[in-house]
Amino acid sequence: MAGLKKIVVAGGGVLGSQIAFQSAYTGHDVTIWLRSEGSIGRCQPKLDALLKSYHDSIDAMEDAESPADPEWCPGISDFDTFDAAECAKKVDEAYKSLKLELDLGKAVADADLVIESMAEVADQKSEFFKKLAPLMPEKTIVVTNSSSLLPSQFTKDVGRPDRYLALHFANTIWKHNVTEVMVQEKTSEASFNAVMDFAKSMRMIPLPVNKEKAGYLLNSMLVPWLLSGLDLYANGVSDPESIDTAWTSGTGAPKGPFRVIDTVGLTTAYNIVEQYQKVPGIATPLLKKMMMPYNFKGIEKMLKRYIDEGKLGMMAGEGFYKY
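An account of the accompanying structure is given in this report. (Residues numbered from 1 in each chain as written. Predicted model: local features only at pLDDT ≥ 70, side-chain atom pairs only at ≥ 80, totals over all residues. Heavy atoms only, no water.)

1. Considerations on the pattern of salt bridges
Move 1: According to the stated counting rule, one finds 15 salt bridges in the structure shown.
Move 2: For Lys6, the salt bridge is made with Asp29, and the minimal N-O distance between the two is 3.2 Å. With a gap of 23 residues between them, Lys6 in strand E1 (residues 6-10) and Asp29 in strand E2 (residues 29-33) connect regions that are remote in the sequence.
Move 3: Close ionic contact of Glu101 with Lys106 constitutes a salt bridge, the shortest N to O distance being 3.9 Å.
Move 4: Since its relative accessible area comes to 17%, Glu101 is described here as buried.
Move 5: Look at Lys106 and you get exposed, because its relative accessible area is 59%. (Salt bridge = Lys/Arg side-chain N within 4 Å of Asp/Glu carboxyl O. Helix = DSSP H or I, 4+ residues; strand = E, 2+ residues; numbered from the N terminus. Buried < 20%, exposed > 50% of the residue type's maximum accessible area, 1.4 Å probe, protein only.)

2. Re the sheet that holds E2
Move 1: Taken together, the 8 strands give an open sheet; going across it, the order is E3-E2-E1-E4-E5-E6-E7-E8, and neighbouring strands pair in mixed fashion. What marks the edges here is a single partner per strand, and that holds for strand E3 (99-101) and strand E8 (205-209). Along the sheet, successive strands turn relative to each other by an average axial angle of 25°, direction set aside.
Move 2: The pairing of E1 with E2 spans 5 bridges and is parallel. Paired with Ile7 across the bridge in E2 is Val30.
Move 3: The strands touched by helix H1 (residues 14-25) are E1, E2, strand E4 (113-116) and strand E6 (164-169); relative to E2, the strand with the most contacts, the crossing angle is about 165°. (Pairing = 2+ DSSP bridges. Axes fitted to C-alpha atoms, helices over the stretch in contact; angles between N-to-C directions. Contact = heavy atoms within 4.5 Å.)

3. Quick look at the packing of helix H8 (residues 218-234) against helix H9 (residues 240-251)
Move 1: Orientation of H8 relative to H9, taken along the N-to-C sense of each, is 140°, at an axis distance of 9 Å. Classified by the interaxial angle, the pair formed by H8 and H9 is oblique. Crossing angle aside, the handedness with which H8 passes H9 is right-handed. Between H8, through Trp225, Gly229, Leu232 and Tyr233, and H9, the contact on the second element is made entirely by Pro240, Ile243 and Trp247.
Move 2: In terms of residue class, the contact of H8 with H9 is made up of 6 nonpolar, 1 polar and no charged. (Parallel < 35°, antiparallel > 145°, perpendicular 65-115°, else oblique. Left-handed = near helix turned anticlockwise from the far one by under 90°. Nonpolar A, V, L, I, M, F, W, Y, C, P; charged D, E, K, R; others polar.)

So this is what it looks like as structure tokens:
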């Protein structure tokens, strides 16, 4: 299977915009499909912010003494061959090359790979895949970037089980350049290998997930941690800053749960909290038993209050913290 060059990212949210930008930075032909003019109005500022973030990162990388330094971004360059001017040029070229498209058929007409990166709402994803299925060329591979839903949930909607799997990215992918490549039961070896190679081509470190697991590797550990922090706040035990300080001071970690939620966006957190209670297999019976005391309704109500006030997280300028 030839290399995947023509990439369509469906959705221009926090991660969708990052996936598109990083793909373009590494030389891929990238189109972002968006559902409406309003979506374009929300996506373009994210791309503008990424342009600045990449340039700021490159400036900071010039002071790095080793690739282990916290300012180093392995998604941008190898340490031994780093050329700040060349990287900055590639960033500008990537930004200019990105295409925004509202017509799904036109967007995917010659796509090698479609990366679904929409909200964590099962019905919306299902509707999208059903609309996408008859429009794609035979060659197209489809991946979902869902952080909490199993790919097999949408296999029938996609209509090409051998060329369908999951490709999950962490946030700030130019810095935290790890992806998780998860198969579903009918994924072909050729499709899996092609997606692994694509991830490498965009300077990611792909981690194989050889069996379906809701939450993959990272979120299987991360989501219960975030829920613990949210539960403490929703139940009035303490405030976000104190909860974060307890974690960062006690473990040496750079961020607590509320800083992390601000980074990924409160809407994503809200959708995950909802899905976490509904999707079969997302938690083992033991984990579900452990989480019975969690005040999920209180967490949902608290997150919705912030969202309704426009406090969507870092990209909006305010979430649990102001930026």
